[in-house]
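Overview (structure and organization)
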Amino acid sequence: RAIAPVLCHLAEDIYQALPGEQAEPSIFLTGWCASFPGSKPQITTEMESLEEVLRAREPVNLALESTRRSKMIGSFLEADLVLHIQQGSKLQQCIKEVSAQAHPDINGLTWLFGVSKVDIKVLEANVAPEIPEGANAADSEALGVTA
């Protein structure tokens, strides 16, 4: 069942060829795999931090798509991202934690956001970010981020 979403035809052929009577006529009607008995997925602080950083991708992608549509860039990899975050915000701490987990050969933030460069600008409380003229931006007040 685990390979069915990726190798759908092969998974269905294997399921149909299994000996004995099957509970369902198709592998796609059987539901998802059950977890191993006695095991529970553990959510670590690293995973929670990564989820918070990934939530920032929505405003980033909005700004990048707007920039791409205006023909300033051809693809996201041509973009340099400036991420404005509020000082002391949860996102600031999460970015710090995700950056600390970085792979020696990969800049984690550029990989997560799919751009060529990421600059983090920390803003003082109640200070609006300075957006250069001609740059596209998107906000998320819930996250305290401007991209």
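The structure reproduced in this document is the subject of the present report.

**Re the overall build of the chain**
Looking only at helices and strands, the chain features 5 helices and 4 strands. Ordering the α and β elements of the chain from the N terminus gives α-α-α-β-α-α-β-β-β. Burial status across the chain gives 28% buried among its 147 residues. Expressed as a percentage of contacts within the chain between residues at least 6 apart in sequence, the contacts between residues at least 24 apart total 66%.

**Description of helix 3 (residues 57–69)**
Because an α-helix completes one turn every 3.6 residues, residues spaced three or four positions apart along the sequence face the same direction. The terminal C-alpha atoms of helix 3, which comprises 13 residues, lie 18 Å apart, in line with the 18 Å expected from a rise of 1.5 Å per residue. Those residues of helix 3 lying buried are Pro-59, Val-60, Ala-63, Leu-64 and Thr-67. The arc that holds every buried residue of helix 3, seen down its axis, measures 135 degrees, which confines them to one face. More than 90 degrees from the buried face of helix 3, the exposed residues found are Glu-58, Leu-62 and Arg-69.

**Observations regarding the pattern of salt bridges**
Here the structure, examined in full by the defined rule, presents 5 salt bridges. Where Glu-65 meets Arg-69, a salt bridge forms, and the shortest distance between an N and an O atom there is 3.0 Å. Remark: Arg-69 and Glu-65 occur in helix 3; sequence separation between them is 4 residues, near one turn of the helix. Judged by relative accessible area, which is 62%, Arg-69 ranks as exposed. Across the pair Lys-117 and Asp-119 runs a salt bridge, and its minimum N-O distance is 3.9 Å. For Asp-119, a relative accessible area of 30% gives the class partly exposed. Through salt bridges with shared partners, a single ionic network connects Glu-52, Arg-55 and Lys-90.

**Some remarks on a nonpolar patch on the surface**
A cluster of nonpolar side chains, Ile-3, Val-6, Leu-7, Leu-10, Ile-14 and Leu-18, forms an exposed patch at the surface whose accessible area comes to about 530 Å². Examined against the element boundaries, Ile-14 turns out to sit in helix 1 (residues 8–17). Of the residues examined, Ile-14 reaches a relative accessible area of 42% and is grouped as partly exposed.

Here is what the cut-offs are and how they apply
Residues numbered from 1 in each chain as written. Predicted model: local features only at pLDDT ≥ 70, side-chain atom pairs only at ≥ 80, totals over all residues. Heavy atoms only, no water. Helix = DSSP H or I, 4+ residues; strand = E, 2+ residues; numbered from the N terminus. Buried < 20%, exposed > 50% of the residue type's maximum accessible area, 1.4 Å probe, protein only. Contact = heavy atoms within 4.5 Å. Expected span 1.5 Å × (residues − 1). Arc of directions from axis to C-beta. Salt bridge = Lys/Arg side-chain N within 4 Å of Asp/Glu carboxyl O. Patch = residues over 30% accessible without salt bridge, like charges linked within 9 Å, V, L, I, M, F, W, Y side chains within 5 Å. Areas by Shrake-Rupley, 256 points an atom, 1.4 Å probe, with all protein chains shown as cover.

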